[in-house]
Amino acid sequence: MAQMTMIQAITDALRCELKDDENVLVFGEDVGVNGGVFRATEGLQKEFGVDRVFDTPLAESGIGGLAVGLAMTGFRPVPEIQFFGFVFEVMDSISGQLARMRFRTGGSFNAPVTIRSPFGGGVHTPEMHADSLELLMTSTPGVKVVIPSTPYDAKGLLISSIRDNDPVVFLEHMKLYRSFRGEVPEESYTIPLGKADVKREGTDISIIAYGAMVHEALKAAEELEKEGKSAEVIDLRTVQPLDIETLIASVEKTGRAMVVQEAQKQAGIAANVVAEITERAILSLDAPVLRVTAPDTVYPFSQAETVWLPNYKDVLATAKKVLEF
Amino acid sequence: MAESKDNRFDPVNVLHEIEEKFEMVQVLDEEGNVVNEDLMPDLSDEQLVELMSRMVYTRILDQRSISLNRQGRLGFYAPTAGQEASQLASQFALEKEDFILPGYRDVPQIVWHGLPLYQAFLFSRGHFMGNQIPEGVNVFPPQIIIGAQYIQAAGVAMGFQKKGQKAVAVTYTGDGGSSQGDFYEGLNFAGAYKVPAIFFVQNNQFAISTPRSLQTAAKTIAQKGIAAGLPSILVDGMDALAVYAVTKEARERAVAGEGPTFIEALCYRYGPHTMAGDDPTRYRTSETDSEWEKRDPLIRFRNFLTNKGLWTEEKENEVIERAKEEIKEAVKKADAAPKQKVTDLINIMYEENPYNLDEQKAYYTEKESN
Ligand SMILES: Cc1ncc(C[n+]2csc(CCOP(=O)(O)OP(=O)(O)O)c2C)c(N)n1
Ligand SMILES: [Mg+2]
């Protein structure tokens, strides 16, 4: 197996799908000759031609509208939004149009579109590049939302997303792009959407996270182990729909749970996870389900971001509260 | 091309006729010779020297900013060399009361419009104090969302119109920005309400890696203004006097109540898109680079002024030294800014904080003391 960074795994997934299905089209700002500002589409235009991999004019609503139209004519578009902070420019295409395509045509049309986009903090971008805006997507019925945390997951989940017949928003955390390598099979493989992954097994507390926060949760779990506590770390991987089965099974085993997200407290997936757990497993709980999140400000100017972002110490402190309740 | 079958309609010809109207306005050629005496703006010798000084100063600022960025002493930076005439001569045509809505590359214009340089450095470093605009400085912080400033400029201009203020809203974007929906909406609203605005496009030929030819089938960006009913003009953006002349005229029309103007300035960015890993050799050739470098705005303006006996090497060195000194001072001042805290940011969210922010402030006070 090859060792790949997450960005390489993503390029590899795109290559597999461009090869496998001639209806797959990759487009966006600077994805062609330049291979994308993060090089996610590096070499793809050369390999598959400008017909399949192409630059667009600078307009996110245009990119979204193009994807809607191409989906109507039988293509499987994989547009890139250069940074997810610009999603507001393409909200109507996603939430107003793609998400409703199957519904409002009574199933006569569907939208097999995968919107890829980098997001996430800790890499000192200018304003409006790093925001965690997944809640905007998960609160839109009709779209699935996928956020991988490892190179292996990124490839398998992206292939599944592209093959899915409904719109998927696939969010790639910028800090994870090149921060570490992992084993990734060279051949094509899929990871089912809507399935969480137990990244570490444990018996005392379930720490539920996604994206970059999975790694903070894992670090906290290591610290807890030193103190004789066994934490289970669950990576949601797909934040819409949630994998209720895995979550509830874990909580029933540990009796204690917490949720970690990079997004602000008022803007998160965590609240939904807490609600699902308490609705379904209140009698298994020995403590309230707590959250670790960013504070409810706008994403900060970069000088303050390292403090603003939740880290493993925040996770650890909250885990202790839950354990000691 | 298919010939029109019916001589009553010839849409192809309508398009061609409009396109042919857009000739690039120039006052100075590449060598600095006056090629259009009629358009020569009415500027005193002192003003001419001042404009040249600002261009030289800003070229140094660009070089220093790039090296400070490489040393890790500046953050986000979008290079400006090659665009001095477009940026500074257009700003030079404004009055202090005019309001600038810049894009991320338009930091020089807002600095020359009054934003202290150390604040521009703080903006680059990702410190909110960089965006705290001092009283009486009529600028907005650089816009990150491409196009957003265009429609906002129509709003600022409407504000001036309603208050009867004799001031103009001026906004900038790039060739790439001219593809955004907000761009068209801005021109259209401004035209519909006949508000005092100037919409300026610095067409530096690329939007990151995407060449101008991929942005639009329109032969010029200038012609896009026509569709919105705006007087529109194509200008040599490497020619300070031409840029000044067209902007000045646009301003006069605006304050006279004659509505907005759209300006496309042809220029080039010599450097990378930003300092965050862009590699221009991936998408443009050194031949194109050197072709544009021959049209450099400083070279031609320097020649023009030297021929008039208004500029010397000593004068230029004096400006360079002053620039270096002031930049050094500004960096020092930026260094002295208090460390940015999350708790400060919590304080600028609302006029009055809700319960969640109060709680979080307590948590972050603790986190920041560790
Ligand atoms: C809405 C939005 N989309 C995309 C970007 C990312 N981006 C930043 S600069 C840029 C290219 C802009 O090109 P142009 O308008 O020609 O201006 P230039 O950078 O050449 O001055 C892009 C795509 C952004 N900042 N905002
Ligand atoms: Mg440009």
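Positions within a chain are numbered from 1, following the residues in the order the chain's sequence is written. Think of it this way: whatever chain is written first is A, whatever ligand is written first is 1, and the rest follow in order. A pLDDT threshold of at least 70 governs which residues receive local features in this predicted model, and a stricter bar of 80 or more applies before side-chain atom pairs are shown or counted, although totals over entire chains, interfaces and linings include all residues. Computation of side-chain values: all heavy atoms of the structure, hydrogens and water removed.

- If you look chain B up in an unreviewed UniProt entry, it shows as Pyruvate dehydrogenase E1 component subunit alpha from Chryseomicrobium excrementi.
- UniProt positions are given in the numbering used here, feature names are shortened, and annotations may be inferred rather than shown by experiment. Here is the UniProt Catalytic activity (unreviewed entry) comment for chain B, exactly as written: "N(6)-[(R)-lipoyl]-L-lysyl-[protein] + pyruvate + H(+) = N(6)-[(R)-S(8)-acetyldihydrolipoyl]-L-lysyl-[protein] + CO2".
- Looking at chain B in UniProt, the text filed under Cofactor (unreviewed entry) is "thiamine diphosphate".

- Looking at an unreviewed UniProt entry, chain A carries the name Alpha-ketoacid dehydrogenase subunit beta, with the source organism given as Chryseomicrobium excrementi.
- Under the heading Cofactor (unreviewed entry), UniProt records this for chain A: "thiamine diphosphate".

### Considerations on the overall build of chain B
- Going along the chain from the N terminus, every DSSP run of H or I of four or more residues is numbered as a helix, and every run of E of two or more is numbered as a strand. Of the regular secondary structure elements, chain B holds 15 helices and seven strands.
- For a compact globule of 370 residues, the expected C-alpha radius of gyration is about 21 Å, and chain B comes in at 22 Å, within 12% of that figure.
- Its C-alpha atoms give chain B principal-axis dimensions of about 80 × 55 × 45 Å.
- Relative accessibility under 20% of the residue-type maximum defines a buried residue, over 50% an exposed one, and the middle range a partly exposed one, all with a 1.4 Å probe and only protein chains included. The burial tally for chain B puts 56% of its 370 residues in the buried class.
- A separation of at least 24 residues holds for 75% of the contacts in chain B among residues at least 6 apart in sequence.
- Only carbon and sulfur atoms are counted for the fraction: they give 51% of the accessible area of chain B, which is about 16,700 Å².
- The convention is simple: Lys and Arg are positive, Asp and Glu are negative, and His and the chain ends are not counted. All charge positions are set by atom: Lys at NZ, Arg at CZ, Asp at CG, Glu at CD. One finds the centroid of the 39 positive side-chain charges in chain B at a distance of 4 Å from the centroid of its 55 negative side-chain charges. It is over C-alpha atoms that the radius of gyration is taken, and the globule rule equals 2.2 Å times the number of residues to the power 0.38. Any two residues having at least one pair of non-hydrogen atoms within 4.5 Å are treated as being in contact. Each accessible area is a Shrake-Rupley estimate made with a 1.4 Å probe; only the visible protein chains count as cover when residues are assessed.

### Quick look at helix 15 (residues 355–369) of chain B
- A helix's residues, less one, multiplied by 1.5 Å, set its expected span. The end-to-end C-alpha separation of helix 15 of chain B is 22 Å, in line with the 21 Å expected for 15 residues at 1.5 Å each.
- Here the buried face of helix 15 of chain B lies against strand 14 (290–294), helix 11 (305–308) and helix 12 (312–324) of chain A together with helix 14 (342–347) of chain B.

### Points about the side chain of Arg 251 of chain B
Residues and elements named next belong to chain B.
- Mapped onto the elements of the fold, Arg 251 is located in helix 10 (residues 240–255).
- Here Arg 251 falls in the buried class, since its relative accessible area comes to 10%.
- Not counting residues up to four positions away in its chain, the partners in contact with Arg 251 are Ala 93, Leu 94, Glu 95, Glu 97, Asp 98, Lys 166, Ala 167, Val 168 and Ile 198.

### Points about the pairing of strand 7 (residues 261–266) of chain B
Residue and element names in this part refer to chain B.
- Burial analysis of strand 7 places six of its six residues in the buried class, which makes it a mostly covered element.
- Residues Thr 261, Ile 263 and Ala 265 line one face of strand 7 and the alternating positions Phe 262, Glu 264 and Leu 266 line the opposite face, and both faces are buried.
- Strand pairing follows a simple DSSP-based rule, namely that at least 2 bridges must link the two strands. One ladder, built from five bridges, connects strand 6 (residues 232–236) with strand 7; its direction is parallel. Paired with Asp 236 across the two strands is Leu 266, which belongs to strand 7.
- By convention a crossover is right-handed if, when the strands point away from the viewer, the path from the first strand over the helix to the second runs clockwise. Running through helix 10, the crossover from strand 6 to the neighbouring parallel element strand 7 is right-handed.

### Things to note about the domain arrangement of chain B
- Delimitation of the domains relies on an automatic or database domain assignment. As assigned here, chain B comprises domain 1 (20–27 + 39–337) and domain 2 (340–369).
- On a C-alpha basis, the centroid separation for the pair domain 1 of chain B and domain 2 of chain B is 37 Å.

### Examining the packing of helix 2 (residues 45–70) of chain B against helix 12 (residues 297–307) of chain B
Residue and element names in this part refer to chain B.
- Between helix 2 and helix 12, the shortest axis-to-axis distance is 11 Å and the interhelical angle comes to 150°. By the angle between their directions, the pair helix 2 and helix 12 is classed as roughly antiparallel. Relative to helix 12, the crossing made by helix 2 is left-handed. Seen from helix 2, the contacting residues are Leu 48, Leu 51, Met 52, Met 55, Val 56 and Arg 59; seen from helix 12, they are Pro 297, Leu 298, Phe 301, Arg 302, Phe 304 and Leu 305.
- Taken together, the residues of the contact of helix 2 with helix 12 break down into 10 nonpolar, no polar and two charged. Only the stretch in contact is used when fitting a helix axis, every axis being a line fitted to C-alpha atoms; angles between N-to-C directions are given from 0 to 180 degrees. If an angle is under 35 degrees, it is roughly parallel; if it is over 145, roughly antiparallel; if it lies from 65 to 115, roughly perpendicular; otherwise it is oblique. Each crossing gets its hand from how the near helix is turned against the far one by less than a right angle, where anticlockwise is left-handed and clockwise is right-handed. We call Asp, Glu, Lys and Arg charged. Ala, Val, Leu, Ile, Met, Phe, Trp, Tyr, Cys and Pro are nonpolar, and the rest, Gly among them, are polar.

### So, the packing of helix 5 (residues 117–124) of chain B against helix 13 (residues 313–335) of chain B
All names here are of chain B.
- Interaxial distance between helix 5 and helix 13 falls to 8 Å at its minimum, and their mutual angle equals 55°. Here helix 5 lies oblique to helix 13, going by the angle between them. The handedness of the crossing between helix 5 and helix 13 comes out as right-handed. Residues Leu 117, Tyr 118, Phe 121 and Leu 122 of helix 5 form the contact with helix 13, whose participating residues are Glu 326, Ile 327, Ala 330, Val 331, Lys 333 and Ala 334.
- Taken together, the residues of the contact of helix 5 with helix 13 break down into eight nonpolar, no polar and two charged.

### Regarding the site of ligand 1
- In the neighbourhood of ligand 1, 20 residues make up the surrounding shell, with Glu 60 of chain A together with Tyr 104, Arg 105, Asp 175 and Gly 177 of chain B lying closest.
- The cutoff for a nearby residue is simple: one of its non-hydrogen atoms must lie within 4 Å of the molecule or strand. Near ligand 1, the surrounding residues are drawn from chains A and B.
- By the criterion applied in these results, polar contacts are pairs of N or O atoms within 3.5 Å in which, for protein atoms, one can donate a hydrogen and the other can accept it, and in which residues neighboring in sequence qualify only through two side-chain atoms. For ligand 1, an oxygen atom lies 2.7 Å from a polar atom in the side chain of Arg 105 of chain B.
- Note that a nitrogen atom of ligand 1 is positioned 3.2 Å from one of the backbone N or O atoms of Ile 146 of chain B.
- Across the complex, the protein chains shield 96% of the 580 Å² of accessible surface that ligand 1 would expose by itself.
- For the shell around ligand 1, a count of residues per class yields nine nonpolar, seven polar and four charged.

### Some details on the coordination of the magnesium ion (ligand 2)
All names here are of chain B.
- Distances from the magnesium ion (ligand 2) to its protein donors, namely Asp 175 (OD), Asn 204 (OD1) and Phe 206 (O), fall within the range 2.0 to 2.1 Å.
- For Na, K and Ca the donor cutoff is 3.2 Å, while for all other metals N, O and S atoms count as donors only within 2.8 Å; water does not appear among the atoms, so some sites may look incomplete. Mapped onto the polypeptide sequence, the residues donating to the magnesium ion (ligand 2) form the spacing pattern D-x28-N-x1-F. Highlighted residues: Asp 175 in the loop between strand 2 (169–174) and helix 7 (181–193) and Phe 206 in strand 4 (residues 206–207), separated in sequence by 31 residues.
- Relative accessible area serves as the criterion here: at 2%, Asp 175 is assigned to the buried category.

### Details of the environment of Asn 165 of chain A
Residue and element names in this part refer to chain A.
- Mapped onto the secondary structure, Asn 165 falls in the loop between helix 7 (151–163) and strand 7 (168–173).
- A relative accessible area of 38% places Asn 165 in the partly exposed class.
- Asn 165 sits 111 residues away from Glu 276 along the chain, and the two C-alpha atoms are 26 Å apart.
- With residues near it in sequence (within four places) discarded, Asn 165 still touches Arg 76, Arg 102, Asn 110, Ala 111 and Pro 112.
- Within polar-contact distance, the side chain of Asn 165 engages the side chain of Arg 76 at 2.7 Å.

### Side note on the UniProt feature "domain: Dehydrogenase E1 component" (unreviewed entry) in chain B
- Under the present numbering, the feature "domain: Dehydrogenase E1 component" (unreviewed entry) in UniProt falls on residues 53–342 of chain B.
- This span, residues 53–342 of chain B, is 47% helix and 11% strand, and a straight line between its end C-alpha atoms measures 40 Å.

### Here's the deal with a nonpolar patch on the surface
All names here are of chain B.
- Judged by side-chain polarity, Val 14, Ile 18 and Ile 226 come together as a nonpolar surface patch covering roughly 220 Å² of accessible area.
- Among the structural elements, Ile 18 can be located in helix 1 (residues 11–21).
- For Ile 18, a relative accessible area of 31% puts it in the partly exposed group. Two joining distances apply to patches: 9 Å for like charges and 5 Å for nonpolar side chains (Val, Leu, Ile, Met, Phe, Trp, Tyr), and every residue must have over 30% relative accessible area and no salt bridge. Salt bridges are counted wherever a side-chain nitrogen of Lys or Arg sits within 4 Å of a carboxyl oxygen of Asp or Glu.

### Digging into the interface of chain B and chain A
- At the junction of the two partners, chain B supplies 38 residues and chain A supplies 39 residues.
- Of the roughly 3,200 Å² buried between chain B and chain A on both sides combined, carbon and sulfur atoms contribute 54%.
- Buried surface area refers to the total accessible area, computed with a probe of radius 1.4 Å, that the two partners give up upon joining, counted for both partners together. Among the residues of chain B in contact with chain A, Ile 144, Ile 145 and Arg 282 of chain B are the three that bury the most area, contributing 19% of the side total.
- Our enumeration of links across chain B and chain A arrives at two salt bridges.

### Side note on unusual backbone geometry
Residue and element names in this part refer to chain A.
- In the segment running from Gln 240 into Pro 241, the intervening peptide bond is cis, with an omega of 0°.
- Tracing the sequence through the fold places Pro 241 in the loop between strand 12 (238–240) and helix 9 (244–254).
- For His 124, which is not glycine, the phi dihedral falls at a positive 55°.
- With respect to the helices and strands, His 124 occurs in the loop between strand 5 (114–119) and helix 6 (134–138).
- The class for His 124 is exposed, based on a relative accessible area of 51%.
- We note that Arg 237 has phi near 60°; this positive angle belongs to a residue other than glycine.
- By the secondary structure assignment, Arg 237 is in the loop between strand 11 (231–235) and strand 12.

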